[in-house]
Amino acid sequence: MANIADHFDGPVTIAVIGGTGLQSLPGFTHVATVKPSTPWGAPSAPISILQHPSPSTGKPISIAFLSRHGLHHEIAPHEVPVRANIAALRSIGVRTIIAFSAVGSLQEEVKPRDFVVPDQIIDRTKGIRPFTFFEGGMVGHVGFADPFDSGVGAVVRKCGQSLEGQGVVLHDKGTVICMEGPQFSTRAESNMYRSWGGTVINMSALPEAKLAREAEIAYQMICMSTDYDCWHSSGEDVTVEMVMGNMKANAENARRFVGAVLDELSKEEHADLVAAKHLVNQTKFAGSMTAAPGRSAAALEKLNWLFPGYFQ
Ligand SMILES: CSC[C@H]1O[C@H](OP(=O)(O)O)[C@H](O)[C@@H]1O
Ligand SMILES: Nc1ncnc2[nH]cnc12
(Lines give C-alpha, C1' and ligand atoms only; values in the text may rest on other atoms or scores of the structure.)
(Ligands and ions follow the chains in the order given, each with its own letter.)
Protein backbone atom coordinates (compact mmCIF):
# COMPACT_ATOMS: atom_id res chain seq x y z
CA MET A 1 0.00 0.00 0.00
CA ALA A 2 2.91 2.35 0.73
CA ASN A 3 3.74 2.70 -3.00
CA ILE A 4 0.28 3.69 -4.18
CA ALA A 5 0.32 7.22 -5.64
CA ASP A 6 -2.30 9.77 -4.57
CA HIS A 7 -2.67 11.27 -8.05
CA PHE A 8 -2.84 10.00 -11.60
CA ASP A 9 -2.10 12.01 -14.73
CA GLY A 10 -3.05 9.65 -17.53
CA PRO A 11 -6.46 9.46 -19.19
CA VAL A 12 -9.06 7.33 -17.39
CA THR A 13 -12.20 7.19 -19.48
CA ILE A 14 -13.74 3.97 -18.15
CA ALA A 15 -14.96 3.35 -14.61
CA VAL A 16 -16.45 0.36 -12.85
CA ILE A 17 -18.85 1.01 -9.99
CA GLY A 18 -18.78 -2.04 -7.78
CA GLY A 19 -21.85 -2.89 -5.73
CA THR A 20 -22.75 -5.45 -3.11
CA GLY A 21 -20.13 -8.21 -3.03
CA LEU A 22 -17.93 -6.56 -5.67
CA GLN A 23 -15.81 -4.18 -3.64
CA SER A 24 -12.57 -4.73 -5.57
CA LEU A 25 -11.30 -6.00 -8.92
CA PRO A 26 -8.45 -8.46 -8.39
CA GLY A 27 -6.20 -9.13 -11.37
CA PHE A 28 -5.58 -5.44 -12.00
CA THR A 29 -2.55 -3.54 -10.69
CA HIS A 30 -3.48 -0.78 -8.27
CA VAL A 31 -1.41 2.23 -9.38
CA ALA A 32 -3.08 5.18 -7.62
CA THR A 33 -5.84 6.20 -5.27
CA VAL A 34 -7.48 9.55 -5.88
CA LYS A 35 -9.91 11.43 -3.64
CA PRO A 36 -11.60 14.16 -5.66
CA SER A 37 -13.86 16.47 -3.69
CA THR A 38 -16.85 17.86 -5.54
CA PRO A 39 -19.46 20.59 -4.98
CA TRP A 40 -21.77 17.72 -4.01
CA GLY A 41 -19.38 16.36 -1.37
CA ALA A 42 -17.01 13.39 -1.32
CA PRO A 43 -17.66 10.17 -3.23
CA SER A 44 -18.57 6.90 -1.48
CA ALA A 45 -14.91 5.88 -1.28
CA PRO A 46 -11.51 6.83 -2.64
CA ILE A 47 -11.31 6.00 -6.35
CA SER A 48 -8.78 3.33 -7.24
CA ILE A 49 -6.92 3.64 -10.52
CA LEU A 50 -6.21 0.14 -11.78
CA GLN A 51 -4.17 -1.01 -14.75
CA HIS A 52 -3.64 -4.13 -16.77
CA PRO A 53 -2.12 -4.80 -20.17
CA SER A 54 -4.50 -4.56 -23.11
CA PRO A 55 -4.91 -8.03 -24.61
CA SER A 56 -4.76 -6.53 -28.13
CA THR A 57 -1.90 -4.00 -27.84
CA GLY A 58 -0.10 -4.99 -24.62
CA LYS A 59 -0.21 -1.33 -23.56
CA PRO A 60 -1.55 -0.64 -20.06
CA ILE A 61 -5.28 0.10 -19.82
CA SER A 62 -6.24 2.34 -16.92
CA ILE A 63 -9.63 2.18 -15.31
CA ALA A 64 -11.22 3.77 -12.27
CA PHE A 65 -12.93 1.64 -9.64
CA LEU A 66 -15.40 3.04 -7.10
CA SER A 67 -17.15 1.02 -4.41
CA ARG A 68 -20.79 2.25 -4.28
CA HIS A 69 -21.41 1.37 -0.64
CA GLY A 70 -17.99 2.46 0.65
CA LEU A 71 -14.88 0.40 1.37
CA HIS A 72 -16.64 -1.65 4.05
CA HIS A 73 -20.26 -1.52 2.83
CA GLU A 74 -21.06 1.17 5.36
CA ILE A 75 -23.30 3.29 3.06
CA ALA A 76 -26.95 2.21 2.67
CA PRO A 77 -28.55 2.44 -0.79
CA HIS A 78 -30.50 5.60 0.11
CA GLU A 79 -27.34 7.22 1.54
CA VAL A 80 -25.05 6.70 -1.46
CA PRO A 81 -23.70 10.15 -2.46
CA VAL A 82 -24.56 9.53 -6.09
CA ARG A 83 -24.06 13.11 -7.32
CA ALA A 84 -20.59 13.18 -5.76
CA ASN A 85 -19.78 9.76 -7.25
CA ILE A 86 -20.78 10.72 -10.78
CA ALA A 87 -19.25 14.21 -10.56
CA ALA A 88 -15.97 12.83 -9.16
CA LEU A 89 -15.72 10.24 -11.91
CA ARG A 90 -16.44 12.82 -14.63
CA SER A 91 -13.87 15.18 -13.13
CA ILE A 92 -11.08 12.62 -13.58
CA GLY A 93 -12.05 12.04 -17.23
CA VAL A 94 -14.50 9.14 -17.02
CA ARG A 95 -17.03 9.05 -19.87
CA THR A 96 -18.15 5.38 -19.66
CA ILE A 97 -19.38 3.57 -16.56
CA ILE A 98 -19.97 -0.13 -16.14
CA ALA A 99 -22.03 -0.43 -12.96
CA PHE A 100 -22.40 -3.74 -11.20
CA SER A 101 -25.44 -4.66 -9.11
CA ALA A 102 -26.70 -7.62 -7.08
CA VAL A 103 -30.40 -8.01 -7.89
CA GLY A 104 -33.43 -10.08 -6.96
CA SER A 105 -35.06 -12.00 -9.79
CA LEU A 106 -38.71 -11.36 -10.59
CA GLN A 107 -38.93 -14.04 -13.28
CA GLU A 108 -38.61 -17.82 -13.01
CA GLU A 109 -36.18 -18.05 -15.94
CA VAL A 110 -33.70 -15.63 -14.33
CA LYS A 111 -32.16 -18.01 -11.84
CA PRO A 112 -29.93 -17.00 -8.95
CA ARG A 113 -26.37 -16.47 -10.28
CA ASP A 114 -27.61 -15.62 -13.81
CA PHE A 115 -26.54 -12.29 -15.30
CA VAL A 116 -28.91 -9.72 -16.81
CA VAL A 117 -27.89 -6.78 -18.99
CA PRO A 118 -30.97 -4.60 -18.56
CA ASP A 119 -32.38 -2.14 -21.07
CA GLN A 120 -35.10 -0.48 -18.98
CA ILE A 121 -35.78 0.80 -15.46
CA ILE A 122 -38.95 1.48 -13.47
CA ASP A 123 -38.46 4.05 -10.71
CA ARG A 124 -39.77 2.99 -7.32
CA THR A 125 -37.47 5.23 -5.28
CA LYS A 126 -39.34 7.65 -3.04
CA GLY A 127 -37.87 11.03 -3.99
CA ILE A 128 -35.60 11.17 -0.94
CA ARG A 129 -32.38 10.77 -2.93
CA PRO A 130 -30.92 13.82 -4.68
CA PHE A 131 -31.49 12.93 -8.33
CA THR A 132 -30.37 15.86 -10.53
CA PHE A 133 -27.52 18.32 -11.02
CA PHE A 134 -30.09 20.88 -12.25
CA GLU A 135 -31.75 22.71 -9.38
CA GLY A 136 -31.68 25.94 -7.39
CA GLY A 137 -31.82 28.32 -10.35
CA MET A 138 -30.73 26.24 -13.37
CA VAL A 139 -33.35 24.04 -15.02
CA GLY A 140 -32.37 21.16 -17.30
CA HIS A 141 -34.19 18.21 -18.85
CA VAL A 142 -32.18 15.39 -20.48
CA GLY A 143 -33.79 12.53 -22.41
CA PHE A 144 -34.06 9.27 -20.48
CA ALA A 145 -36.34 7.10 -22.64
CA ASP A 146 -33.58 4.50 -22.89
CA PRO A 147 -31.81 4.70 -19.54
CA PHE A 148 -28.77 2.66 -20.56
CA ASP A 149 -26.28 3.45 -23.31
CA SER A 150 -27.11 1.33 -26.36
CA GLY A 151 -23.53 1.33 -27.73
CA VAL A 152 -21.88 0.29 -24.48
CA GLY A 153 -24.76 -2.13 -23.87
CA ALA A 154 -24.08 -3.85 -27.21
CA VAL A 155 -20.42 -4.41 -26.26
CA VAL A 156 -21.40 -5.71 -22.80
CA ARG A 157 -23.92 -8.15 -24.31
CA LYS A 158 -21.38 -9.45 -26.82
CA CYS A 159 -18.86 -10.07 -24.02
CA GLY A 160 -21.48 -11.81 -21.88
CA GLN A 161 -22.47 -14.02 -24.81
CA SER A 162 -18.82 -14.98 -25.38
CA LEU A 163 -18.66 -16.25 -21.77
CA GLU A 164 -21.87 -18.27 -22.03
CA GLY A 165 -21.20 -21.94 -21.48
CA GLN A 166 -18.23 -21.10 -19.26
CA GLY A 167 -20.40 -20.66 -16.19
CA VAL A 168 -22.03 -17.41 -17.28
CA VAL A 169 -25.76 -17.49 -18.06
CA LEU A 170 -26.83 -14.25 -19.72
CA HIS A 171 -30.20 -12.59 -20.22
CA ASP A 172 -29.53 -9.81 -22.65
CA LYS A 173 -32.44 -7.54 -21.83
CA GLY A 174 -34.70 -6.82 -18.92
CA THR A 175 -36.41 -4.20 -16.81
CA VAL A 176 -34.89 -3.28 -13.46
CA ILE A 177 -37.30 -2.19 -10.76
CA CYS A 178 -35.33 0.23 -8.60
CA MET A 179 -36.94 0.33 -5.15
CA GLU A 180 -36.11 2.58 -2.23
CA GLY A 181 -35.21 0.06 0.47
CA PRO A 182 -33.31 -0.58 2.60
CA GLN A 183 -36.02 -3.07 3.63
CA PHE A 184 -36.82 -5.65 0.98
CA SER A 185 -40.26 -5.62 -0.75
CA THR A 186 -43.51 -7.00 0.57
CA ARG A 187 -44.94 -10.03 -1.22
CA ALA A 188 -47.75 -7.86 -2.66
CA GLU A 189 -45.18 -5.40 -4.06
CA SER A 190 -43.06 -8.21 -5.48
CA ASN A 191 -46.09 -9.67 -7.28
CA MET A 192 -47.12 -6.23 -8.51
CA TYR A 193 -43.63 -5.67 -9.99
CA ARG A 194 -43.94 -9.02 -11.76
CA SER A 195 -47.29 -7.96 -13.20
CA TRP A 196 -45.63 -4.75 -14.44
CA GLY A 197 -43.11 -6.83 -16.41
CA GLY A 198 -40.17 -6.28 -14.06
CA THR A 199 -37.30 -8.70 -14.65
CA VAL A 200 -35.08 -7.92 -11.65
CA ILE A 201 -35.11 -5.64 -8.62
CA ASN A 202 -32.43 -3.61 -6.87
CA MET A 203 -31.97 -0.41 -4.85
CA SER A 204 -29.25 1.30 -6.85
CA ALA A 205 -29.97 1.76 -10.56
CA LEU A 206 -31.42 5.17 -9.73
CA PRO A 207 -30.48 7.94 -9.49
CA GLU A 208 -27.11 6.59 -10.73
CA ALA A 209 -28.29 6.10 -14.32
CA LYS A 210 -30.08 9.49 -14.39
CA LEU A 211 -27.10 11.41 -13.07
CA ALA A 212 -24.72 9.63 -15.47
CA ARG A 213 -27.01 10.70 -18.33
CA GLU A 214 -27.00 14.32 -17.12
CA ALA A 215 -23.21 14.13 -16.85
CA GLU A 216 -22.91 12.92 -20.49
CA ILE A 217 -21.45 9.60 -19.34
CA ALA A 218 -22.36 6.40 -21.22
CA TYR A 219 -23.75 4.08 -18.54
CA GLN A 220 -24.61 0.39 -18.54
CA MET A 221 -25.48 -1.77 -15.56
CA ILE A 222 -24.60 -5.47 -15.30
CA CYS A 223 -26.89 -7.27 -12.86
CA MET A 224 -26.25 -10.57 -11.14
CA SER A 225 -29.28 -12.33 -9.73
CA THR A 226 -28.86 -13.44 -6.13
CA ASP A 227 -32.40 -14.47 -5.07
CA TYR A 228 -36.06 -14.77 -6.11
CA ASP A 229 -37.10 -11.85 -3.88
CA CYS A 230 -40.25 -13.04 -2.05
CA TRP A 231 -42.75 -14.05 -4.78
CA HIS A 232 -41.42 -17.53 -5.55
CA SER A 233 -43.29 -20.71 -4.57
CA SER A 234 -40.08 -22.16 -3.08
CA GLY A 235 -40.96 -19.99 -0.07
CA GLU A 236 -37.33 -18.99 0.42
CA ASP A 237 -37.64 -15.23 0.82
CA VAL A 238 -34.62 -13.04 0.15
CA THR A 239 -32.15 -12.53 3.00
CA VAL A 240 -28.80 -10.78 3.16
CA GLU A 241 -27.14 -14.19 3.67
CA MET A 242 -28.69 -15.42 0.42
CA VAL A 243 -27.52 -12.35 -1.51
CA MET A 244 -23.98 -12.48 -0.12
CA GLY A 245 -23.74 -16.27 -0.47
CA ASN A 246 -24.62 -16.20 -4.17
CA MET A 247 -22.42 -13.16 -4.82
CA LYS A 248 -19.48 -14.92 -3.19
CA ALA A 249 -20.10 -18.21 -4.97
CA ASN A 250 -20.31 -16.47 -8.36
CA ALA A 251 -17.76 -13.69 -7.77
CA GLU A 252 -15.26 -15.21 -10.15
CA ASN A 253 -17.79 -15.15 -13.01
CA ALA A 254 -18.76 -11.59 -12.14
CA ARG A 255 -15.12 -10.50 -12.30
CA ARG A 256 -14.49 -12.42 -15.53
CA PHE A 257 -17.52 -10.74 -17.08
CA VAL A 258 -16.43 -7.26 -16.01
CA GLY A 259 -12.82 -8.02 -17.06
CA ALA A 260 -13.93 -9.17 -20.54
CA VAL A 261 -15.96 -5.98 -20.96
CA LEU A 262 -13.00 -3.80 -19.97
CA ASP A 263 -10.69 -5.64 -22.37
CA GLU A 264 -13.13 -5.19 -25.22
CA LEU A 265 -13.92 -1.55 -24.47
CA SER A 266 -10.22 -0.70 -24.39
CA LYS A 267 -9.81 -1.62 -28.08
CA GLU A 268 -9.09 1.31 -30.39
CA GLU A 269 -12.25 0.62 -32.42
CA HIS A 270 -14.34 1.62 -29.37
CA ALA A 271 -12.39 4.82 -28.57
CA ASP A 272 -15.16 7.22 -29.64
CA LEU A 273 -17.85 5.19 -27.89
CA VAL A 274 -15.89 5.03 -24.63
CA ALA A 275 -15.20 8.77 -24.83
CA ALA A 276 -19.01 9.17 -25.17
CA LYS A 277 -18.54 11.44 -28.19
CA HIS A 278 -22.22 10.81 -28.97
CA LEU A 279 -23.22 12.56 -25.74
CA VAL A 280 -20.95 15.60 -25.91
CA ASN A 281 -22.94 18.86 -25.64
CA GLN A 282 -26.23 17.05 -24.99
CA THR A 283 -26.45 18.57 -21.52
CA LYS A 284 -25.29 21.97 -22.69
CA PHE A 285 -28.51 22.28 -24.69
CA ALA A 286 -30.75 20.37 -22.28
CA GLY A 287 -29.51 22.55 -19.44
CA SER A 288 -29.96 25.91 -21.13
CA MET A 289 -33.67 26.33 -20.34
CA THR A 290 -33.18 29.07 -17.79
CA ALA A 291 -32.75 32.54 -19.28
CA ALA A 292 -29.67 34.46 -18.09
CA PRO A 293 -31.47 36.76 -15.62
CA GLY A 294 -32.99 33.73 -13.85
CA ARG A 295 -29.74 31.80 -13.45
CA SER A 296 -28.50 31.67 -9.87
CA ALA A 297 -24.80 32.24 -9.29
CA ALA A 298 -24.60 29.30 -6.89
CA ALA A 299 -26.20 26.87 -9.35
CA LEU A 300 -23.99 28.15 -12.17
CA GLU A 301 -20.85 27.71 -10.10
CA LYS A 302 -21.63 24.08 -9.36
CA LEU A 303 -22.61 23.27 -12.94
CA ASN A 304 -19.52 24.95 -14.35
CA TRP A 305 -17.39 22.78 -12.04
CA LEU A 306 -18.95 19.75 -13.71
CA PHE A 307 -19.11 21.17 -17.26
CA PRO A 308 -16.38 23.80 -17.57
CA GLY A 309 -17.46 26.49 -20.05
CA TYR A 310 -20.98 25.09 -20.71
CA PHE A 311 -23.08 27.75 -18.99
CA GLN A 312 -22.65 31.53 -18.52
C1 LIG B 1 -27.61 -6.66 0.23
S2 LIG B 1 -29.05 -6.85 -0.72
C3 LIG B 1 -29.60 -5.26 -1.22
C4 LIG B 1 -28.54 -4.40 -1.85
O5 LIG B 1 -27.87 -5.19 -2.88
C6 LIG B 1 -27.87 -4.43 -4.08
O7 LIG B 1 -26.72 -3.60 -4.02
P8 LIG B 1 -25.92 -3.11 -5.32
O9 LIG B 1 -26.93 -2.68 -6.33
O10 LIG B 1 -25.06 -2.00 -4.86
O11 LIG B 1 -25.12 -4.31 -5.81
C12 LIG B 1 -29.18 -3.67 -3.99
O13 LIG B 1 -29.25 -2.60 -4.93
C14 LIG B 1 -29.21 -3.23 -2.56
O15 LIG B 1 -28.49 -2.06 -2.35
N1 LIG C 1 -34.62 -9.02 -3.63
C2 LIG C 1 -33.93 -7.88 -3.73
N3 LIG C 1 -34.57 -6.70 -3.64
C4 LIG C 1 -33.86 -5.53 -3.78
N5 LIG C 1 -32.54 -5.48 -3.98
C6 LIG C 1 -31.89 -6.65 -4.08
N7 LIG C 1 -30.59 -6.91 -4.28
C8 LIG C 1 -30.44 -8.25 -4.29
N9 LIG C 1 -31.62 -8.87 -4.08
C10 LIG C 1 -32.54 -7.89 -3.95
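Residues numbered from 1 in each chain as written. Chains lettered and ligands numbered in written order. Predicted model: local features only at pLDDT ≥ 70, side-chain atom pairs only at ≥ 80, totals over all residues.

1. Quick look at the site of ligand 2
Lining the immediate environment of ligand 2, one finds 13 residues, of which G104, I201, N202, D229 and V238 sit closest. Contributing elements (two or more residues each) for the shell around ligand 2: strand 5 (96–105), strand 10 (200–202) and strand 11 (218–227). Counting residues per element, the shell around ligand 2 draws most heavily on strand 5, at three residues. Here the shell around ligand 2 is built from residues that sort into eight nonpolar, three polar and two charged. (Near = placed C-beta within 6 Å. Helix = DSSP H or I, 4+ residues; strand = E, 2+ residues; numbered from the N terminus. Nonpolar A, V, L, I, M, F, W, Y, C, P; charged D, E, K, R; others polar.)

2. Describing the UniProt feature "binding site: phosphate" (unreviewed entry) in the chain
Residues given the UniProt feature "binding site: phosphate" (unreviewed entry) here are T20, R68, H69, S101, A102 and S204. Look at the named residues: they lie 185 residues apart in sequence, but the longest C-alpha span between them is just 12.3 Å, so in the fold they bunch up. Within the secondary structure, H69 sits in the loop between strand 4 (60–67) and helix 1 (82–91). Along the polypeptide, S204 turns up in the loop between strand 10 and helix 4 (208–214). When sequence neighbours within four positions are dropped, the list of residues in contact with S204 reads G19, R68, P77, V80 and S101. (UniProt positions renumbered as here; feature names shortened; annotations may be inferred. Contact = placed C-beta atoms within 7 Å.)

3. A look at the nonpolar core
In summary, soluble globular proteins display a tendency toward joint burial of nonpolar side chains. A15, I63, A64, I97, I222 and V258 are the most contacted members of the largest nonpolar core, which has 82 residues in total. Discounting residues that sit within four places of it in the chain, I222 has contacts with I98, F100, F115, V117, V156, F257 and V258. (Core = buried A, V, L, I, M, F, W, Y, C linked by C-beta atoms within 7 Å. Buried ≥ 20, exposed ≤ 12 C-beta atoms within 10 Å, placed from the backbone.)

4. Quick look at the pairing of strand 1 (residues 14–18)
Strand 1 sits mainly inside the fold: five of its five residues count as buried. In strand 1, alternate side chains face the same way, and those of I14, V16 and G18 on one face and A15 and I17 on the other are all buried. Bridge analysis of strand 1 against strand 4 gives five bridges, and the strand direction is parallel. Paired with I14 across the two strands is I63, which belongs to strand 4. In this structure, strand 1 lies alongside strand 5, joined through four bridges in parallel fashion. Bridged to I14 within strand 5 is T96. (Pairing = 2+ DSSP bridges.)

5. Quick notes on the pairing of strand 3 (residues 47–53)
On any regular strand, side chains alternate: one points to one face of the sheet, the next to the other face. Pairing analysis gives five bridges linking strand 2 (residues 29–34) to strand 3, with the strands arranged antiparallel. Residue pairing across strands places H30 opposite L50, the latter belonging to strand 3. By the bridge criterion, six bridges tie strand 3 to strand 4 in an arrangement that is antiparallel. Paired with S48 across the strands is F65, a residue of strand 4. Here strand 3 folds back onto strand 4, and the loop between the two strands holds six residues, one of which, G58, carries a positive phi near 80°.

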